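# Observations on chain architecture
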Amino acid sequence: MDRTGFLAEAGADGGSERRLREYRRDMDPIRRFFKPELRSPRAILAWEGWNDACEAASGAAEYLLDKAGDPDPFAVLEPEEFYDFQIRRPRVEMNDGGTRRITWPLTEVYGLEAQNLIVGAGEEPNLRWKTYTRYLAQILSETDVQQVVTLGAFIGQVAHTRPVPIIGVATDPALVENLGLISSRYEGPTGIIAVMLEACREVGIPALSLWAATPHYLAANPNPKAMFALLDTVATALETTFDLEDLETAAAEFEQKVDDAMADDEDFIGYVRRLEDDSRTEPLDPARSDHLIREIESFLKES
């Protein structure tokens, strides 16, 4: 029933607006299509947006879904409560038959039954983060998820020629220590990933956040090397295996293209070599990212 019909039924007794609020409150933003056949699965979550430098996190999730044959989601979070449509407008698309349809910024949750895994993917919401993450945690609880790994990426002072540093944050610090990851003491503005970890803590699901550091001088490019590093670390954390052969090949080709592009620029080669030396002696901290972006912009202007 739409708002007009609801108010007509409610009548003019002064209670219509109250009943409308109750009606809206009863609407469940979780849309469930079917229940996946999973047994105490683990979950991988990734979002586009602030947490997703070089599309490393969202690209890793998309790779897993592509390898699984592009499955249908078993649940989605409806966007109405969580997105500002003047900031993230819905899109009108047309199929080959000329039919127009509107696509919305959904958060979709998939069950990969062959791997006993849940993959959640979407865009970072604009509104009501605590409510959003609690609904997502509810979906995970309903499917008896035993552990959550969230994926993120940030721009850092790293060289594309070195292994991708992975930083870990977790509801239990032992999850980071057991994997031998770099731990972060970052304090400052945060994204949906940190709020999601709190929602997992509330429902008692252990959660680990993995962050890949991507070279600031390649910030405008999708980075398959960072995607590979994230999924390789996820496989270790969850004690499972993924078919990463295609992604590993793409990562090697990506690195070679960057090498070829800078082959004749001695100043840039020297800069990358200094980054290589620094990575051997200095710990990486995502809190330095803003400073590093200014540094590389200055370097590129002077080159």
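Heads up: the structure comes first, above all this text.
Keep in mind the model is a prediction, meaning the values are calculated, not measured.

Rules and cut-offs
- Residues numbered from 1 in each chain as written.
- Predicted model: local features only at pLDDT ≥ 70, side-chain atom pairs only at ≥ 80, totals over all residues.
- Heavy atoms only, no water.
- Helix = DSSP H or I, 4+ residues; strand = E, 2+ residues; numbered from the N terminus.
- Contact = heavy atoms within 4.5 Å.
- Areas by Shrake-Rupley, 256 points an atom, 1.4 Å probe, with all protein chains shown as cover.
- 1 Å grid on protein atoms, 1.4 Å probe; cavity = no way out; pocket = protein on both sides within 12 Å on 5 of 7 lines; lining within 4 Å.
- Points joined across faces, edges and corners; volume = space filled by probe spheres on them.
- Nonpolar A, V, L, I, M, F, W, Y, C, P; charged D, E, K, R; others polar.
- Axes fitted to C-alpha atoms, helices over the stretch in contact; angles between N-to-C directions.
- Parallel < 35°, antiparallel > 145°, perpendicular 65-115°, else oblique.
- Left-handed = near helix turned anticlockwise from the far one by under 90°.
- Pairing = 2+ DSSP bridges.
- Phe/Tyr/Trp six-rings, centres within 6.5 Å; stacked < 30°, edge-to-face > 60°.
- Buried < 20%, exposed > 50% of the residue type's maximum accessible area, 1.4 Å probe, protein only.
- Polar contact = N/O pair within 3.5 Å; in protein donor to acceptor, adjacent residues only side chain to side chain.
- Core = buried A, V, L, I, M, F, W, Y, C linked by side-chain atoms within 4.5 Å.

Right, let's talk about the overall build of the protein for a bit. Counting its regular elements, the protein contains ten helices and eleven strands. A fraction of 78% describes how many contacts in the protein between residues 6 or more apart in sequence connect residues 24 or more apart. Per element, the accessible surface of the protein, about 16,500 Å² overall, is 47% carbon and sulfur.

Let us look at the layout of surface pockets. By volume, the second largest pocket amounts to about 540 Å³. Considering the residues around the second largest pocket, the lining is formed by 20 residues, among which Glu-48, Trp-104, Leu-106, Glu-108 and Tyr-110 are closest to the centre. Breaking the lining of the second largest pocket down by element, the ones donating at least two residues are strand 2 (42-48), helix 3 (56-67), strand 4 (91-94), strand 5 (100-103), strand 6 (107-112) and strand 7 (117-123). A per-class count over the lining of the second largest pocket returns eight nonpolar, three polar and nine charged.

Packing of helix 4 (residues 129-142) against helix 6 (residues 192-203) leaves a shortest axis separation of 9 Å and a crossing angle of 50°. One way to sum up the angle between helix 4 and helix 6 is to call them oblique. The two elements helix 4 and helix 6 cross, and the hand of that crossing is right-handed. The segment helix 4 lies against helix 6, with Trp-129, Lys-130, Tyr-132, Thr-133, Arg-134, Leu-136, Ala-137, Leu-140 and Ser-141 engaging Ile-192, Val-195, Met-196, Ala-199, Glu-202 and Val-203. Its residues placed into classes, the contact of helix 4 with helix 6 shows ten nonpolar, two polar and three charged.

What follows covers empty space enclosed by the protein. Scanning all chains against the criterion turns up one cavity of 30 Å³ or more. For the lining of the largest cavity, the element with the highest residue contribution is strand 11 (residues 207-215), accounting for three residues. A class-by-class count of the residues in the lining of the largest cavity yields nine nonpolar, three polar and two charged.

What follows is about the pairing of strand 5. With four bridges joining them, strand 4 and strand 5 adopt antiparallel strand pairing. Across the sheet, residue Met-94 finds its bridge partner in strand 5, namely Arg-100.

With that out of the way, let us pick up the packing of aromatic side chains. Across all of its chains, the model carries five aromatic pairs by this definition. Aromatic side chains Phe-82 and Tyr-132 sit 5.4 Å apart centroid to centroid with 75° between the ring planes, which places their arrangement in the edge-to-face category. With a gap of 50 residues between them, Phe-82 in the loop between strand 3 (75-77) and strand 4 and Tyr-132 in helix 4 connect regions that are remote in the sequence. Each member of the pair, Phe-82 as well as Tyr-132, is classed as buried. Centroid distance Phe-82 to Tyr-135: 6.3 Å. Interplanar angle 70°. Geometry classified as edge-to-face. With Phe-82 in the loop between strand 3 and strand 4 and Tyr-135 in helix 4, this pair connects stretches of sequence that are 53 residues apart. For Phe-82, a relative accessible area of 0% corresponds to the buried category. By relative accessible area, Tyr-135 is classed as partly exposed at 21%. Through a chain of ring-to-ring contacts, the aromatic side chains of Phe-82, Tyr-132 and Tyr-135 assemble into a single cluster.

Okay, the side chain of Lys-225 next. Looking at where Lys-225 falls in the secondary structure, it is placed in helix 7 (residues 224-237). Within the structure, the side chain of Lys-225 is placed 2.7 Å from the backbone oxygen of His-160, a separation counted as a polar contact. Those residues in contact with Lys-225 that sit more than four places away from it in its chain are His-160, Thr-161, Arg-162, Val-164, Ala-251, Phe-254 and Glu-255.

With 39 residues, the main nonpolar core has Ile-44, Leu-151, Ile-166, Leu-210, Leu-231, Val-234 and Phe-242 as its most contacted residues. Elements represented by at least two residues in this core include exactly strand 2, helix 3, strand 6, strand 7, strand 8 (147-156), strand 9 (166-170), strand 11 and helix 7. Top contributing element to this core by residue count: helix 7, with nine residues. The contact partners of Leu-210, leaving out residues within four places of it in the chain, are Val-149, Thr-150, Leu-151, Gly-152, Ile-166, Ile-167, Leu-181, Leu-230, Thr-233 and Val-234. Core analysis: the next-biggest nonpolar cluster, separate from the first, contains 34 residues, Ile-30, Leu-38, Phe-82 and Met-196 among them.

Between helix 3 and helix 7, the least distance of the axes is 8 Å, while the angle of their chain directions is 65°. Between helix 3 and helix 7, the angle is such that the two are roughly perpendicular. By crossing handedness, the relation of helix 3 to helix 7 is classed as right-handed. Contact with helix 3, carried on its side by Ala-56, Ala-57, Gly-59, Ala-60, Tyr-63 and Leu-64, involves Ala-226, Met-227, Leu-230 and Leu-231 of helix 7 and no other residues of that element.

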